[in-house]
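# Structural characterization, general
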Amino acid sequence: MNHTYMDPPTRGPVSHTVPAALAARTTRRAPALPAAFAILLAAMFLAAAGPLSAQTTTEMQEARQETLVVYDLGRFFGYVEAMVAEDTSPALTNEQAAEFLEIMTEIRETERIEPSWAEERLTYLELDVLTPAQLMEVDRRAIEWQNTRESTSEPGSGAGSGSGSGSSGGSGPLSTYVAGGAFNPILDETKPIGEGFAALYERLR
């Protein structure tokens, strides 16, 4: 019997090409977070930020009330300056001028004015330095200023409160006061409170 032998089949070149379906699986991005989970994360973030924002707002409101007397003291010097600038108003005596200058110099050298300190100085100047007639003139100007401020303020704006302390956030005087930093708005000559103080200081020194 004749046996016919056939050569074994030879293998062709091996292909290293990755099938398209497999390539698609290996380059596919990780699935996005489920929508419900993303919403939950956002809610948790807002819940954490809410108390902090409320606390900051409360601190600023409390600081505004605390520092009212500092602004009252600053405006007081402006009222006195307006009083002595008028020939018909009672002028300050040399002794009174010396008392004012001593306190005003202390203010100029103070980086942070505390409300308690401002209240003590304001009470002393009003009751122990000025005469009753002078105090009446100062009070009259304070009332005029308050009425003018309220009449030019928009309803609900809070601008008639007389604090003059600026915005409740950001980098204003109240922000630095709350942070324990410098706080002396009386020396800010870009505002009427500082202009009046500087004018009286120049007049008396």
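Right above here is the structure, for reference.
Attention in this report is confined to the structure presented alongside it.

Definitions and limits used
- Residues numbered from 1 in each chain as written.
- Predicted model: local features only at pLDDT ≥ 70, side-chain atom pairs only at ≥ 80, totals over all residues.
- Heavy atoms only, no water.
- Helix = DSSP H or I, 4+ residues; strand = E, 2+ residues; numbered from the N terminus.
- Buried < 20%, exposed > 50% of the residue type's maximum accessible area, 1.4 Å probe, protein only.
- Contact = heavy atoms within 4.5 Å.
- Areas by Shrake-Rupley, 256 points an atom, 1.4 Å probe, with all protein chains shown as cover.
- Expected span 1.5 Å × (residues − 1).
- Arc of directions from axis to C-beta.
- Axes fitted to C-alpha atoms, helices over the stretch in contact; angles between N-to-C directions.
- Parallel < 35°, antiparallel > 145°, perpendicular 65-115°, else oblique.
- Nonpolar A, V, L, I, M, F, W, Y, C, P; charged D, E, K, R; others polar.
- Core = buried A, V, L, I, M, F, W, Y, C linked by side-chain atoms within 4.5 Å.
- Phe/Tyr/Trp six-rings, centres within 6.5 Å; stacked < 30°, edge-to-face > 60°.
- Lys NZ or Arg CZ within 6 Å of the ring centre and 35° of its normal.

## Regarding the overall build of the protein chain
Scanning the protein chain from terminus to terminus reveals eight helices and zero strands. Ordering the α and β elements of the protein chain from the N terminus gives α-α-α-α-α-α-α-α. In the protein chain, which comprises 205 residues, the proportion classed as buried is 29%. Of the contacts formed within the protein chain by residues at least 6 apart in sequence, a portion of 74% connects residues at least 24 apart. Accessible surface for the protein chain amounts to roughly 13900 Å². Of this, 57% is attributable to carbon and sulfur atoms.

## Some remarks on helix H5 (residues 115–129)
Here H5 is 15 residues long and its end C-alpha atoms lie 20 Å apart, about the 21 Å a rise of 1.5 Å per residue gives. Along H5, the positions that sit buried rather than exposed are Pro115, Trp117, Ala118, Arg121, Leu122, Leu125 and Val129. One side of H5 carries all its buried residues, which in axial view fall inside an arc of 160°. Away from its buried face by more than 90 degrees, H5 exposes Leu127 and Asp128.

## Looking at the environment of Glu111
If you trace the backbone, Glu111 turns up in the loop between helix H4 (94–108) and H5. As a C-alpha pair, Glu111 and Gly181 span 70 residues in sequence and 8.6 Å in three-dimensional space. Excluding its chain neighbours within four sequence positions, the residues that come into contact with Glu111 are Ala182, Phe183 and Asn184.

## So, the packing of H4 against H5
Across the interface, H4 lies against H5 with an axial gap of 11 Å and an inter-helix angle of 170°. The pairing of H4 with H5 is recorded here as roughly antiparallel in orientation. Residues Gln96, Glu99, Phe100, Ile103, Glu106 and Ile107 of H4 touch H5, and the partners they reach there are Trp117, Arg121, Tyr124, Leu125 and Val129. Class assignment for the residues of the contact of H4 with H5 results in seven nonpolar, one polar and three charged.

## A closer look at the nonpolar core
The nonpolar side chains of a soluble globular protein tend to be buried, and buried together. Ranked by size, the top nonpolar core spans 37 residues in total, and within it Leu73, Phe76, Phe77, Val80, Phe100 and Ile107 carry the most contacts. Secondary-structure elements contributing two or more residues to this core are helix H2 (35–66), helix H3 (68–85), H4, H5, helix H6 (132–151), helix H7 (173–178) and helix H8 (192–204). For this core, the element with the highest residue contribution is H3, accounting for ten residues. Among all residues touching Leu73, those that are not within four sequence positions of it are Ile107, Trp117, Ala118, Arg121, Leu122, Leu125 and Ile186.

## Observations concerning the packing of aromatic side chains
Tallied over the entire structure, the rule returns six aromatic pairs. Ring geometry for Phe77 and Phe100: centres 6.1 Å apart, planes at 80°, overall edge-to-face. Remark: Phe100 occurs in helix H4 and Phe77 occurs in helix H3; sequence separation between them is 23 residues. Like Phe100, Phe77 is buried. Sitting over the ring of Tyr201, Arg108 keeps its end group 4.2 Å from the ring centre.

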